Amino acid sequence: MELKLLHLSDTHGFHNQLKDLPDADVIIHSGDFTFAGTEKETVDFIEWFCILPYKYKIFIAGNHDEYLFGAEIDGLPENCFYLNNSSVTISNTKFYGIPLFLEDVMFQKYDKFVNAIPNDTDVLITHQPPSGILDQSGSVSFGSPVLLQNVSRVQPKYHLFGHIHDAYGVEKKNETLFVNASVLDSKYELKNKPVFLG
């Protein structure tokens, strides 16, 4: 069975305003579900995400989601997965997720986590874009060169991310479809739709 995916990112507390989400087998949130990174915001998002009517749900943390740094999440439903430099396989499709915590960047752990992406990853989920692909805000590119190198190595079917609100869109390069699904624009207004991948 070919999985139908729904990808969204950068909801920053506006998740409850998302209506009429399309059907899919797996819904994936690639980080920045909070604005201030508080426990209250985090719990509110997780409670909302866990009751969505999708067979499987996957999320990672973004740089705003500081409450989850170093945290273990207990009590998630068996069909909901928080990926933290880890993977889950659903219907023979391997999803691998890497969060973006500023502490990991400052202490030079982030690139090590990126270099450890398994070669058999089918769907890569990160918060940061790869360098030069859907990563530009104004005249500045915010993507990671190390991430681009590793995506070229792994060649997943999909690379799903967000982070740069100005760069919402889809781009195909070689064997990989890159998707920036930031639903908020640069003014933090809910302007973009989650991206369906079927």
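Residues numbered from 1 in each chain as written. Predicted model: local features only at pLDDT ≥ 70, side-chain atom pairs only at ≥ 80, totals over all residues. Heavy atoms only, no water.

### A word on the pairing of strand β7 (residues 123-126)
- Burial of the side chains of β7 extends over both faces: Val123 and Ile125 are buried on one face and Leu124 and Thr126 on the other.
- Here β7 pairs with strand β10 (residues 158-161) via three bridges, running parallel. Across the sheet, residue leucine 124 finds its bridge partner in β10, namely histidine 159. (Buried < 20%, exposed > 50% of the residue type's maximum accessible area, 1.4 Å probe, protein only. Helix = DSSP H or I, 4+ residues; strand = E, 2+ residues; numbered from the N terminus. Pairing = 2+ DSSP bridges.)

### With respect to helix α4 (residues 145-154)
- Within the span of α4, buried status applies to Val146, Leu147, Asn150, Val151 and Val154. Down the axis of α4, the buried side of the element spans an arc of 135 degrees, and every buried residue falls inside it.
- Where α4 is buried, its residues meet α3 (110-115), β7, β10 and β12 (176-180).
- For α4, the capping residue at the N-terminal end is serine 144, with a side-chain oxygen 3.3 Å from the backbone nitrogen of valine 146.
- Glutamine 155, located one to two residues past α4, shows a positive phi value of around 50 degrees. (Arc of directions from axis to C-beta. Contact = heavy atoms within 4.5 Å. Polar contact = N/O pair within 3.5 Å; in protein donor to acceptor, adjacent residues only side chain to side chain.)

### Looking at helix α1 (residues 39-50)
- For α1, spanning twelve residues, the distance from its first C-alpha to its last is 16 Å, which sits close to the expected 16 Å at 1.5 Å a residue.
- When α1 is considered as a whole, its buried residues turn out to be Thr42, Phe45, Ile46, Trp48, Phe49 and Cys50.
- Against β2 (26-29), β3 (56-59) and β4 (80-82) lie the buried residues of α1. (Expected span 1.5 Å × (residues − 1).)

### Here's the deal with the sheet that holds β4
- Strands sit in the order β4-β3-β2-β1-β13 across an open sheet of five strands; the sheet is mixed. The open sheet terminates on both sides in strands that have one partner only, identified here as β4 and β13 (195-197). Between one strand axis and the next, the sheet turns by 15 degrees as a mean value, whatever way the strands run.
- Bridge count for strand β1 (residues 5-8) against β13 is three bridges, and the pairing is antiparallel. The residue of β13 that forms the bridge with histidine 7 is valine 195. (Axes fitted to C-alpha atoms, helices over the stretch in contact; angles between N-to-C directions.)

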